[in-house]
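Chains, contacts and geometry: an overview
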Amino acid sequence: MPLALLLSRIRLPPAAMASTRSASSARLVRASRAEANPVVREVKRESSVSFDISKPESPSVKRKRVKRELEENGEHPVKQVVPDIEDFRYDKTKALISSIKVEKKARVSAVIKETLLMSMYHQKTKVTIFEVGAPENWEAVLRGIKNMRLSGQAPVDTKGCEKAGSLLPPKERRFAVLISTMMSSQTKDEVTHAAVERLSENGLLDPDAIVRTDEAMLANLIKPVGFYQRKAQFIKEASKICLERFGGDIPDSLNELLALRGVGPKMAHLVMSIAWKNTQGICVDTHVHRISNRLGWVFREGTKQKTTTPEQTRISLEKWLPKDEWEPINPLLVGFGQTICTPLRPKCDMCGINNLCPSAFKESSSPNPKQKKTRSP
């Protein structure tokens, strides 16, 4: 029997016939799509199952490869509208930079806000700024102190640094003033004057002689000056500088004097005034510092509070005291502090300006030793 006739007589179940018809129709649809889109047909034809187990391409490398292939085929890649999943990766560096930018913006905003608030506050509130000016009745106070100092009985009048080497030639006298000033720190005038006399008796008021002298011997000669061992070292170093750089003379500028070890602002201003007759500032020692505050002559910058250092006192005094008073104010107040306005128990009852002094009678004027407790019998 022919094969065709045999097949025609075979009866298939309805489900099989339906699946056969659907498979045939699917093949017809795919064929029609392939004919309509040759590119798709070509891709389907070339596709195959790959079992490549090598390291997969990274997204960035894949994008570059696809772009290159499209360019080679004369096609232009379509701009990606939806960002790649890699764009959402957490980048620590970017996150840190972003947080820093946010923090900076917050700080700037806070500063601007504070500035605006302060500006609004100052517009509504009167802000008091203390300007340093000449204190009230300062001229009358200064005249009163000068009258009390006419006797010239204070130690500074006969044994101060300005008296050192008074009988020597100018160059030798300037060196003696420098050495005396360097020893005067935290030392009474009488002790300093005696040390200068001992140096003079041993021919050591000369830089060359001091350089050739043993440091221990020098320290022994100026003892009991405060910190005599350290001061002996500083004096020896200063003498060497005077020889090597100034021909045996002393520096003639404030900055060069301050460059010497053991010479502070007070000493430098004093040496400039006495040795070179060139007053560039007020010499403020412990007496000038104490008395200026007691009189209410000096204040810290922009406040009504007392100064706490001699340098603050100098700056405050120089803002209002006439310059022709800068040189004499030091020995004037030093002598006043040595005799009447003493550090402890000032003699306010003997002071001729106690009616003008804001500190008069506010400190104990008589000894107040601690009384020992005694048991009653």
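Now for a look at the structure at hand. (Residues numbered from 1 in each chain as written. Predicted model: local features only at pLDDT ≥ 70, side-chain atom pairs only at ≥ 80, totals over all residues. Heavy atoms only, no water.)

1. So, the pattern of salt bridges
Counting across every chain of the model gives 9 salt bridges. The salt bridge involving Arg314 is made with Glu311; its shortest N-O contact spans 2.4 Å. On the criterion of helical spacing, the pair formed by Arg314 and Glu311 is a turn pair, its members being 3 residues apart in helix 16 (residues 310-318). You can call Arg314 buried: its relative accessible area is 14%. Residue Glu311 is classed as partly exposed on the basis of its relative accessible area of 30%. (Salt bridge = Lys/Arg side-chain N within 4 Å of Asp/Glu carboxyl O. Helix = DSSP H or I, 4+ residues; strand = E, 2+ residues; numbered from the N terminus. Buried < 20%, exposed > 50% of the residue type's maximum accessible area, 1.4 Å probe, protein only.)

2. Here we look at the packing of helix 11 (residues 215-222) against helix 12 (residues 228-246)
The geometry of helix 11 relative to helix 12 is characterised by a closest axis approach of 8 Å and an angle of 120° between their N-to-C directions. One finds that helix 11 runs oblique with respect to helix 12. Note on packing geometry: the crossing formed by helix 11 with helix 12 is right-handed. Packed against helix 11, whose contacting residues are Glu215, Leu218, Ala219 and Ile222, the element helix 12 presents Tyr228, Gln229, Lys231, Ala232, Gln233, Ile235 and Lys236 at the interface. (Axes fitted to C-alpha atoms, helices over the stretch in contact; angles between N-to-C directions. Parallel < 35°, antiparallel > 145°, perpendicular 65-115°, else oblique. Left-handed = near helix turned anticlockwise from the far one by under 90°. Contact = heavy atoms within 4.5 Å.)

3. Some words on unusual backbone geometry
Of note, the bond from Lys223 into Pro224 is cis; its omega dihedral lies within 30 degrees of zero at 15°. The residue Pro224 is located in the loop between helix 11 and helix 12 in this model. The phi angle at Asn137 is positive, at roughly 65°, despite the residue not being glycine. Within the element layout of this structure, Asn137 appears in the loop between helix 5 (92-124) and helix 6 (138-148).

4. Thoughts on the nonpolar core
By size, the foremost hydrophobic cluster in this structure holds 39 residues, and its most contacted members are Leu178, Met183 and Leu199. Secondary structure elements with two or more residues in this core: helix 8 (170-184), helix 9 (189-201), helix 10 (207-211), helix 11, helix 12, helix 13 (254-258) and helix 14 (265-275). For Met183, the contacting residues outside a window of four places in its chain are Thr192, Ala195, Val196, Leu199, Ile222, Val225, Lys231 and Ile235. (Core = buried A, V, L, I, M, F, W, Y, C linked by side-chain atoms within 4.5 Å.)

5. Concerning the side chain of Thr192
Structurally, Thr192 can be placed in helix 9. Classification of Thr192 by relative accessible area gives buried; the value is 2%.

6. What about helix 8?
The terminal C-alpha atoms of helix 8 lie 21 Å apart, and with 15 residues this matches the ideal 21 Å at 1.5 Å per residue to within 8%. The buried count for helix 8 comes to 12 of 15 residues, which makes it a mostly enclosed element. Listing the buried residues of helix 8 in full gives Arg173, Arg174, Phe175, Ala176, Val177, Leu178, Ile179, Ser180, Thr181, Met182, Met183 and Ser184. Its buried side turned inward, helix 8 meets helix 9, helix 10, helix 11, helix 12, helix 13 and helix 14. Where helix 8 ends, the next residue or the one after it, Gln186, has phi of about 55°, a positive value. (Expected span 1.5 Å × (residues − 1).)

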